[in-house]
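So you can see what is in the structure, the chains are spelled out below.
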Amino acid sequence: MTTLPYQDPSRPVEERVDDLLARLTLDEKAGQLTQYFYFGGFGELPEGVDVGALPPELRSFVEQPKGVEAALGHGGAGSLLFVRDPAIANRLQKLAIEGSRLGIPLIFGFDVIHGLRTILPAPIALAASWDPEVIEQGQAVAAREARAVGIHWTFAPMVDIARDPRWGRIIEGAGEDPFLGAAVCAAQVRGFQGDLGPESVLAGPKHYAGYGAAVGGRDYDDADISDSELWNVYFPPFKGGIDAGARNIMSAYMDLNGVPASGNRWLLTDVLRDELGFDGFVVSDANAVRSLETQHFARDLTDAAVRALDAGLDMEMCMFEPAFGHLTDAVATGKLTEQEVDQAVRRVLAAKFRLGLFEHPYADEDATPGVLSDPAHRDAAQTAAERTMVLLRNEGGALPLDPAALGRVAVIGELAASKRDVLGPWVFDHDTTEAVSVLDGVRARLGDGVSVDYAPGVGLPGRLYPSMFDRMDPTVGETPSDHDDDAELARAVALATDADVAVVVVGQRQNQIGEKSSASTLDLPGRYAEQLEAIVATGTPVVLGGMS
């Protein structure tokens, strides 16, 4: 059997890309530039539900996996995201390779932000360690676990500088300082990518650029940023990641100074490639190419595809019909040249070759459980947690809690007993049975000789508009509908009054922060401030912990 040049791993990546690119039809090239969400693992509908009777938006989600699998059958997709089961990944990979005339594998992407199965501290906490080595080691663990389940590429790190703490996604970044942001970005890129070996994943710093400067901290809102701020505040973290070898960049949703970031040639080509030196591929955020039409920057999907590709965007992330599906028509009508399409395809294929996907496209399902349960990963996560703790004040030497000096401790707050919320937001393959709540941790630390009493206290208000991801996670907590705030507040105060120390946990549930979860104020939710004041008024020493 003759081995074609692109199938020969001994050849340089550039030669393999040139050979394969020359064999592709224009339709096949457009397919390589399309990344679909795959909702096949999103959860089954209850038995007996009539799909045809569902509202159009829900029906689309049910039918979407069938459409994606059909696209795989004729080389109509180059990448999928949201697949985290190695068996599903392997099945879809087989469909793609057999459905592609030239056997081109998929690249699977996923949001591995602060761990996959082994959960690390949230990124804003990792940044608080000021320890690039610990951050790098933690994300190397995340990469190893991700690759073990068939993920090749993470949409991380998020490197948006954010100076309005009402913005929900501030927890995903390194905060407000560009120097720290660049150092943290570089450490994460090194951890994720390593040498791009079999236990590494591509890193994708996001969201390029200025997304964290949304007006009023409102997610997706426009950003108006001066040239001075762009170059001195918002670009440096991306430069840190590029210099560390990042092979992918994700473009932002919003308008930057009146021009959508995903169709902004100055941003994606003049600055990113010509000035910052990036030579990898650029992917849009979810549906951002289609959104060019909504943003009144493009007249239709064909125009949106042309504007995005011409700006320097290489791959479209989409949930449903891709705008890049119109690239063939755009070339036929002279709106684009095939050479412009080739430039984007070249970058995507190069990433697949560098990852070794043509030689090793499938996850090793037999090895996955051992990787996900590796005790060394827990050790790395514990080290990261220890380095990221921030103690604001320790009045009267209240900490550490001394079992020999305590008889009774009150632990107060719904969040104190939550195993899900202690993990933080934006994790999707966690196992809450392995998590340790604050309450369990205090009891384990103090031992049987100290009485540890618990009260949930006042309830936490839920989200007005629940996250679409909540239905994927049966462990998401909520305050019971029959919760009696007045009675529970009185019980919490009584426990605190009789205790030697009160450990009070305040904050938000993990699904009340993150994407599409901005806040209008920084006030504690519900009656938490009232409860805290009442507990402090008892005179019992208070150890206050925040969770978000």
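Right above here is the structure, for reference.
Here goes a summary of the coordinates provided. Note that the structure is a prediction, hence the values are computed from the model and not measured. (Residues numbered from 1 in each chain as written. Predicted model: local features only at pLDDT ≥ 70, side-chain atom pairs only at ≥ 80, totals over all residues. Heavy atoms only, no water.)

**Side note on the overall build of the chain**
- Along the backbone of the chain there are 19 helices and 14 strands.
- For 548 residues, the compact-globule estimate of 2.2 N^0.38 gives 24 Å, and the chain sits close to it at 25 Å.
- When the backbone C-alpha atoms are referred to their principal axes, the chain occupies close to 80 × 55 × 50 Å.
- A burial count over the chain gives 55% of its 548 residues as buried.
- Taking as baseline every contact in the chain between residues at least 6 positions apart, the subset at least 24 positions apart corresponds to 80%.
- Summing over all exposed atoms, the chain offers an accessible surface of approximately 23,100 Å²; the carbon and sulfur share of this is 51%.
- In the chain, the 45 positive side-chain charges and the 82 negative ones have mean positions that sit 3 Å from each other. (Helix = DSSP H or I, 4+ residues; strand = E, 2+ residues; numbered from the N terminus. Rg over C-alpha atoms; globule rule 2.2 N^0.38 Å. Buried < 20%, exposed > 50% of the residue type's maximum accessible area, 1.4 Å probe, protein only. Contact = heavy atoms within 4.5 Å. Areas by Shrake-Rupley, 256 points an atom, 1.4 Å probe, with all protein chains shown as cover. Lys, Arg positive; Asp, Glu negative; His and termini not counted. Charge placed at Lys NZ, Arg CZ, Asp CG, Glu CD.)

**Comments concerning the nonpolar core**
- If you look at the biggest cluster of nonpolar residues, it comprises 106 residues, and the most contacted ones within it are Leu-20, Leu-33, Tyr-208 and Phe-324.
- With eight residues, helix H14 (residues 338–354) is the largest single contributor of residues to this core.
- What Leu-20 contacts, discounting residues up to four positions off in sequence, is Tyr-6, Leu-102, Ile-104, Leu-349, Phe-353 and Phe-358.
- In terms of nonpolar packing, the next biggest core, distinct from the first, is built from 32 residues, Val-411, Val-442, Val-505 and Leu-532 among them. (Core = buried A, V, L, I, M, F, W, Y, C linked by side-chain atoms within 4.5 Å.)

**Some remarks on the sheet that holds strand S4 (residues 153–154)**
- Taken together, six strands build an open sheet; the order of strands is S5-S4-S3-S2-S1-S10 and the sheet is parallel. Since the sheet does not close on itself, it has two edges, and those belong to strand S5 (202–203) and strand S10 (316–318), each with one partner.
- Bridge count for strand S1 (residues 34–37) against strand S2 (residues 79–81) is three bridges, and the pairing is parallel. In the strand pairing of S2, Tyr-36 is matched with Leu-80. (Pairing = 2+ DSSP bridges.)

**Here we look at the packing of helix H1 (residues 13–23) against H14**
- In the contact formed by H1 and H14, the axes pass within 9 Å of each other and the chain directions differ by 125°. Taken together, H1 and H14 sit at an angle that is classed as oblique. Our pair here, H1 against H14, has a crossing hand that is right-handed. On the side of H1, the interface is formed by Val-13, Glu-14, Arg-16, Val-17, Asp-18, Leu-20 and Leu-21, while H14 contributes Asp-342, Val-345, Arg-346, Leu-349, Ala-350, Phe-353 and Arg-354.
- Here the residues of the contact of H1 with H14 sort into eight nonpolar, no polar and six charged. (Axes fitted to C-alpha atoms, helices over the stretch in contact; angles between N-to-C directions. Parallel < 35°, antiparallel > 145°, perpendicular 65-115°, else oblique. Left-handed = near helix turned anticlockwise from the far one by under 90°. Nonpolar A, V, L, I, M, F, W, Y, C, P; charged D, E, K, R; others polar.)

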